[in-house]
Amino acid sequence: MKNLKLFIPGPTHVPNDILQAMGKNQIGHRTPEISNLINDIKKGVQSLLYTKNKILLTSNPATALWEMGIVNSVSKNILHAVNGAFSQKWSKVSSICNYNVEEINYDWGQGIKVDDIDKLLSTGKFDVFAMVHNETSTGVMSNLNEISELLNRKYPDVIWLVDAVSSMAGVKIEVDRLGIDFLLSSTQKAWGLPAGFSLCSVSDKMYRKSINLKNKGYYFDLMTYEKSYSKNQTPTTPSISHLFGLQYILSKIYKEGLENRWKRHLDMSVHTKEWALKHNQNLFSENGYESYTLTCINNNQNWNINNLNKELLQRGFRMDRGYGQLRGKAFRIAHMGNIYQQDLDEYLNNIDDIISNRGRYEV
Ligand code: PLP
């Protein structure tokens, strides 16, 4: 099978040096070596998230951490902001787990508005607010600063859960300044590692809440992680290869520099937007809520996305054709993790070439 460079919004492109770092010999999960490894990773992630909060490393996809967030925080009702496929799914998980859920619903493509959150939290019914920072299905990034200001000023007891699956490690998120209680991600997006591993930061406020909650099960109960946390280990056998990968990518991230990394992602998003506008396409996401890590483009020009996909596959690229109901109507370009400006240029130049030869390629 041909090696394709991935421009889908997860899993993202993982170059060979990372795969090699992950392919090192396994080590025991109750050894000083793993404690050193985990200690290194925790410190690196704390700096990346500007936080002193605990960092948990878990060998599962991010979907599992949705459940961890809920079981350790909700005692009354949970409010979910729903503005795309992943926020909708998280809300559904809360319902399936038998919590009382209410939703603030937005059309796909819209960002989350602080006044709507205020209106519902002011009823006093909710002790938890959950949202997706970067809706991968629509390329919408909501404004954490505004929401933080509201929650800290008016609702300091509410626990704030944030899914940062496609923004963590690509966008600056200052956890302590913002006051985010639970921030979760998996590794296959802006972290630029293979899928199947997740991490989260957890505030003291959330720990204090969790201690008094019941019916948390075993695997997702924060208390399960306490004993091993102090030893820089995990309660169950972790994916050691992912730990090697995290240590390696963190060293690359600090070599690049955090501010340079945030700027790289922002610059690529601006560049992709300009490219789309140049082609008389426009963005699916609401103005002012454009994601920094992926761009979702309305296919106003009726490009034949299936044919474009076929041509790009021939040239060694895996494109996104639009999430679910958006297939063919709005497609996404991911520019995160191990994608640099020159990779993006190469990809967009290939699309330009195919589009400018439309007769030949039937797009
Ligand atoms: N949340 C968001 C915003 C996502 O984009 C995704 C996956 O694409 C998920 C959650 C689910 O992540 P995982 O597949 O690691 O469970």
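Thresholds applied
- Residues numbered from 1 in each chain as written.
- Predicted model: local features only at pLDDT ≥ 70, side-chain atom pairs only at ≥ 80, totals over all residues.
- Near = placed C-beta within 6 Å.
- Nonpolar A, V, L, I, M, F, W, Y, C, P; charged D, E, K, R; others polar.
- Helix = DSSP H or I, 4+ residues; strand = E, 2+ residues; numbered from the N terminus.
- Pairing = 2+ DSSP bridges.
- Axes fitted to C-alpha atoms, helices over the stretch in contact; angles between N-to-C directions.
- Contact = placed C-beta atoms within 7 Å.
- Buried ≥ 20, exposed ≤ 12 C-beta atoms within 10 Å, placed from the backbone.

Student: Honestly, the site of the ligand in this entry has me stumped. Any pointers?
Tutor: By nearness alone, every residue bordering the ligand is listed as Gly 10, Pro 61, Ala 62, Thr 63, Phe 86, Val 132, Thr 136, Asp 163, Val 165, Ser 166 and Ser 186. The residue inventory of the shell around the ligand, partitioned by class, reads 5 nonpolar, 5 polar and 1 charged.

Student: Where do I start with the environment of Ser 47 in this structure?
Tutor: Its place among the elements puts Ser 47 in helix H2 (residues 32–48). Distance from Ser 47 to Ser 94, taken between C-alpha atoms, is 31 Å for residues 47 residues apart in sequence.

Student: Would you mind going over the sheet that holds strand S10 (residues 198–202) with me for this structure?
Tutor: Across a sheet, paired strands are connected by hydrogen bonds in the backbone, their directions being either parallel or antiparallel. Taken together, the 7 strands give an open sheet; going across it, the order is S2-S10-S9-S8-S5-S3-S4, and neighbouring strands pair in mixed fashion. A strand with exactly one partner marks an edge of an open sheet, and here the two such strands are strand S2 (54–58) and strand S4 (100–105). Strand after strand, the sheet turns through a mean of 20° between neighbouring axes, direction not considered. As defined by bridge partners, strand S5 (residues 126–132) adjoins strand S8 (residues 159–163) across 5 bridges and the pair is classed as parallel. Note on S8: the bridge partner recorded for Phe 129 is Trp 160. The strands touched by helix H3 (residues 62–71) within the sheet are S2, strand S3 (77–82), S5, S8, strand S9 (182–186) and S10, with S9 carrying the most contacts at an inclination of about 165°. Running over the sheet, helix H4 (residues 85–96) touches S3, S4, S5 and S8 and is turned about 160° from S3.

Student: Help me out: how do you make sense of the sheet that holds strand S11 (residues 282–283) in this one?
Tutor: Pairing is antiparallel in the open sheet, where 3 strands are placed in the order S11-S12-S14. A single partner strand is all that each edge strand has here, and the edge strands are S11 and strand S14 (330–334). Where strand S12 (residues 294–298) and S14 come together, 5 bridges link them in antiparallel fashion. Counted as the bridge partner of Asn 298 is Ala 330 from S14. The strands touched by helix H11 (residues 258–278) within the sheet are S11, S12 and S14, with S12 carrying the most contacts at an inclination of about 15°.

Student: Explanation requested: the pairing of S14 in the structure shown.
Tutor: Put simply, side chains in a regular strand alternate between the two faces of the sheet. Within S14, 5 of the 5 residues are buried, leaving the element largely enclosed by the surrounding structure. By the alternation rule, side chains of S14 split into Ala 330, Arg 332 and Ala 334 and Phe 331 and Ile 333, which are all buried.

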